Amino acid sequence: MELQGTIKKLFDAQTFASGFQKREMVILTQEQYPQPINIEFLSDKISLLDNLKEGENVKVGINIRGREWVSPQGETKYFNSITGWRVEKVFDNASEPTQAAPSHSASPVSNENPFAGDDDDDLPF
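All of the points below concern the structure found in this document. (Residues numbered from 1 in each chain as written. Predicted model: local features only at pLDDT ≥ 70, side-chain atom pairs only at ≥ 80, totals over all residues. Heavy atoms only, no water.)

1. Regarding the pattern of salt bridges
- One pass over the full model with this rule turns up five salt bridges.
- Of the charged contacts in the structure, one is a salt bridge between Arg86 and Glu2, with a shortest N-O distance of 2.4 Å. Taken as a pair, Arg86 in strand 6 (residues 76-89) and Glu2 in strand 1 (residues 2-10) lie far apart in primary sequence, 84 residues in all.
- Note that Lys22 is salt-bridged to Glu24, the shortest N-O span being 3.3 Å.
- By relative accessible area, Lys22 is classed as buried at 16%. (Salt bridge = Lys/Arg side-chain N within 4 Å of Asp/Glu carboxyl O. Helix = DSSP H or I, 4+ residues; strand = E, 2+ residues; numbered from the N terminus. Buried < 20%, exposed > 50% of the residue type's maximum accessible area, 1.4 Å probe, protein only.)

2. Some points on the environment of Thr15
- With respect to the element layout, Thr15 can be found in strand 2 (residues 14-15).
- Along the backbone, Thr15 and Ser43 are 28 residues apart, and their C-alpha atoms lie at a distance of 9.4 Å.
- Setting aside its immediate chain neighbours within four residues, Thr15 contacts Phe20 and Gln21. (Contact = heavy atoms within 4.5 Å.)

Set out below in structure tokens:
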């Protein structure tokens, strides 16, 4: 799966007692109702964020992971996480709306109504 958006926040890498490392990034999606999406990069993938800056547009390859947790009271809870595995910068040049340049033709443009002299009104209404 892929998500595309603007980098809203880049966090520092975290190292846990077990040696596990992760780094998180929040992107703001570009849709009618933009969503801030937190994506975590694990272990060797944290280096993918080294050359990125807040405000840049990116496309991120992601996996959605789920896990089950049972509390000491026996209550079962479910958690989801979004894990990134690829990041690609997106440049907006092609996505911005452009206006067509006015065409300048050799023949003059007529502003006359082509139906002005048509007195034969055969419309049924």
